[in-house]
Amino acid sequence: MTTEYVDVLVIGAGPSGSVAASIVKQAGYSVKMVEKMQFPRFVIGESLLPRCMEALDAAGFLPALRAQGFQEKFGAKFVKGDQVADFDFSNKFTEGWSQTWQVPRANFDQVLADEVQRMSIPLEFETEVTAIQFDGTDSTTRVTCPDGSEKEIKARFIIDASGYGRVIPRLFKLDRPSNLPGRKTMFAHFEDPNRFLFDEPNRITVIAHRPDVWVWVIPFSTGKTSVGFVANPSFFEEFEGTAEQKLRAIIQSNDYTNQRFGDSAFVFEPRTLEGWSVTTNQFFGEGFVLTGNVTEFLDPIFSSGVTLATVSGHKAATLVCRQLAGETIDWQREYVEPTQQGVNTFRSYVMGWYDGSLQDIIFAPNPDPEIKKQICSVLAGYVWDLNNPFVRQHSRVLKPLANIIRMEAEADAGR
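One structure accompanies this document, and this report is about it. Bear in mind that the values here come from a model prediction, so they are computed numbers and not experimental data.

With that settled, consider the overall build of the chain. Regarding its fold elements, the chain presents 14 helices and 19 strands. The globule rule puts the C-alpha radius of gyration for 415 residues at 22 Å, and the 22 Å found for the chain is close to it. For the chain, the spread of C-alpha atoms along the three principal axes comes to 75 × 45 × 40 Å. The buried share of the chain, reckoned over its 415 residues, is 58%. For the chain, long-range pairs separated by at least 24 residues make up 73% of all intrachain contacts whose partners lie at least 6 apart in sequence. For the chain, the exposed area adds up to about 17,100 Å²; of that, 47% sits on carbon and sulfur atoms.

See below:
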């Protein structure tokens, strides 16, 4: 069995792993990436948030991404019946990026993978991690190669960015259930020739279909649009037939989606995904750190996945380099606490959406302009700005505000 030696092994070639590998390489350390899948491959998470642009910029990926002509994204629109709430990222509380992209993820992830290889970072696809043994911070990772052969990779540190694969949590039994209820999505890409009759293409549209059911509509620069319904699994049991028949019937059950996509052609057969909410007992250990979805994937409602992935990949890689240079890193204070700050802020907003409090705030008839700016910053991914009260007090600010809005609406109705 052959043995390779490297400073840092990155498991997973998605956005988190690619950002992390680039940061390590720029610091002058040897880095190698292994990825179980063959790219390009499809995943959800097609509407980015402006905050992730900082990590993509630090990794040196922006020139290559700009060259792709991806659909620019400048905001988010929420629709509930005849109510519309539009958030423009340029009108947010926190300074920073106000623009990002809406991307077919297979293309987006392939660009990042191509860029890390252009940086002379070895990246091996269809290579599965089967075992890891730690000796202090040093590690020996056994992998199975595409031809079925095995080899060992000895590293001074491992960054696990394996996403849904959850390599280290799976191997070392670190997984635990999330406190979010299990949900399911059914989605597909559609031909969308009449998009300009309905919406600007430069924002995601989120449709509140029922209190516990919502829809994403994400236009791409290709003329195609991603559409997905997210709900409790029982919702999808209300519809019969093949996957295409089911999704077609679901599309037709909502006025907005029926008018826009009722007769549109599928680009590919509808797909489903469920059981995504899972977390872990620990984000780091002696010789490893977890980044991106391998720490926790919440819910697609606020497109937080790629932002949490790229920001955590950037942060983790920076700390790894400092440790390799001889510094003593307080991983709890410098990595876990900031990561949990972002995850927990998004979690409060996810829970607020499903319990209705955030929907009441978003669709308030006369929103306070300053509050709207502060919420807009969260929707743009700036969930680490503790100057924003809707970040600093994320766990206790939504329900009281929603109650005030409801009482005002009841008072207006009684006049």
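Further notes follow.
Let's shift gears to empty space enclosed by the protein. Empty space among the atoms becomes apparent when a probe as large as a water molecule is rolled across them. Within the structure shown, the criterion is met by two cavities of 30 Å³ or more. Roughly 80 Å³ of volume is contained in the largest cavity. Forming the walls of the largest cavity are Leu49, Lys73, Ala76, Phe78, Phe89, Ile204, Val206, Ile301, Phe302, Ser303 and Leu379. For the lining of the largest cavity, the secondary structure elements donating two or more residues are strand 4 (75-80) and strand 13 (203-210).

When strand 4 meets strand 5 (residues 83-88), the two strands line up antiparallel, connected through six bridges. Its bridge partner being in strand 5, Lys77 is matched across the sheet by Asp86. Between the antiparallel neighbours strand 4 and strand 5 lie two residues, among them Gly81 with a positive phi of about 65°.

A few words on the nonpolar core. Formed by 49 residues in total, the largest nonpolar core has its most connected members in Leu56, Phe61, Leu65 and Ile159. Ranked by residue count, the leading element in this core is helix 9 (residues 305-324), at seven residues. Residues contacting Leu56, with those up to four places away along its chain left out, are Val19, Phe61, Leu62, Leu65, Phe108, Leu112 and Thr310. By size, the runner-up hydrophobic cluster in this structure holds 45 residues, among which are Ile44, Phe220, Leu379 and Val397.

With that settled, consider the sheet that holds strand 5. Strand order across the open sheet formed by seven strands is 5-4-13-14-15-12-16, with mixed pairing between neighbours. Each end of this open sheet is capped by a strand with a single partner; those strands are strand 5 and strand 16 (271-274). Taken pair by pair, the neighbouring strands of this sheet meet at an average axis angle of 20°, ignoring direction. Here strand 12 (residues 184-191) pairs with strand 15 (residues 224-231) via eight bridges, running antiparallel. Among the inter-strand pairings, Phe190 is bridged to a residue of strand 15, identified as Thr225. Strand contacts of helix 7 (residues 243-252): strand 12 and strand 15, with the helix running at about 85° to strand 12, the strand carrying the most contacts.

Attention now moves to the side chain of Ser357. In this fold, Ser357 is placed in helix 11 (residues 357-362). Here the side chain of Ser357 touches Asp355 through a polar contact of 2.7 Å, side chain to side chain. Among all residues touching Ser357, those that are not within four sequence positions of it are Gly352, Leu398, Lys399, Ala402 and Arg406.

Our next topic: the pairing of strand 9 (residues 138-144). Alignment of strand 8 (residues 128-135) against strand 9, held across seven bridges, turns out to be antiparallel. Across the sheet, residue Val129 finds its bridge partner in strand 9, namely Val143. Pairing geometry for strand 9 and strand 10 (residues 150-160), over six bridges, is antiparallel. By the bridge assignment, Ser139 is partnered in strand 10 with Ala155. Where strand 9 folds back onto strand 10 in an antiparallel hairpin, the turn is made up of five residues, including Gly148, whose phi is positive at roughly 90°.

Here the focus is the packing of helix 9 against helix 10 (residues 331-355). Look at helix 9 against helix 10: their axes get within 11 Å of each other, and the N-to-C directions meet at 175°. Taken together, helix 9 and helix 10 sit at an angle that is classed as roughly antiparallel. Contact residues: Leu308, Ser312, Lys315, Ala316, Leu319, Val320, Arg322 and Gln323 in helix 9; Trp331, Glu334, Tyr335, Gly342, Val343 and Phe346 in helix 10. Looking at side-chain class alone, the contact of helix 9 with helix 10 contains eight nonpolar, three polar and three charged residues.

The omega torsion across Phe39 and Pro40 is -5°, close enough to zero to call that bond cis. Here Pro40 shows up in the loop between strand 2 (31-34) and helix 2 (52-58). For Lys173, which is not a glycine, the phi torsion comes out positive at approximately 55°. Tracing the sequence through the fold places Lys173 in the loop between helix 5 (167-171) and strand 11 (175-177).

Following the criterion strictly, the structure yields 23 salt bridges and no others. Here Arg142 and Glu150 are joined by a salt bridge, their closest N and O atoms 3.9 Å apart. Across the pair Glu334 and Arg322 runs a salt bridge whose closest N-O atoms are separated by 2.8 Å. A residue pair is termed long-range when its members are at least 10 positions apart, and Glu334 in helix 10 and Arg322 in helix 9 qualify at 12 residues.

Parameters and conventions
Residues numbered from 1 in each chain as written. Predicted model: local features only at pLDDT ≥ 70, side-chain atom pairs only at ≥ 80, totals over all residues. Heavy atoms only, no water. Helix = DSSP H or I, 4+ residues; strand = E, 2+ residues; numbered from the N terminus. Rg over C-alpha atoms; globule rule 2.2 N^0.38 Å. Buried < 20%, exposed > 50% of the residue type's maximum accessible area, 1.4 Å probe, protein only. Contact = heavy atoms within 4.5 Å. Areas by Shrake-Rupley, 256 points an atom, 1.4 Å probe, with all protein chains shown as cover. 1 Å grid on protein atoms, 1.4 Å probe; cavity = no way out; pocket = protein on both sides within 12 Å on 5 of 7 lines; lining within 4 Å. Points joined across faces, edges and corners; volume = space filled by probe spheres on them. Pairing = 2+ DSSP bridges. Core = buried A, V, L, I, M, F, W, Y, C linked by side-chain atoms within 4.5 Å. Axes fitted to C-alpha atoms, helices over the stretch in contact; angles between N-to-C directions. Polar contact = N/O pair within 3.5 Å; in protein donor to acceptor, adjacent residues only side chain to side chain. Parallel < 35°, antiparallel > 145°, perpendicular 65-115°, else oblique. Nonpolar A, V, L, I, M, F, W, Y, C, P; charged D, E, K, R; others polar. Salt bridge = Lys/Arg side-chain N within 4 Å of Asp/Glu carboxyl O.

So far we have only geometry, and geometry alone does not tell us how the molecule works.
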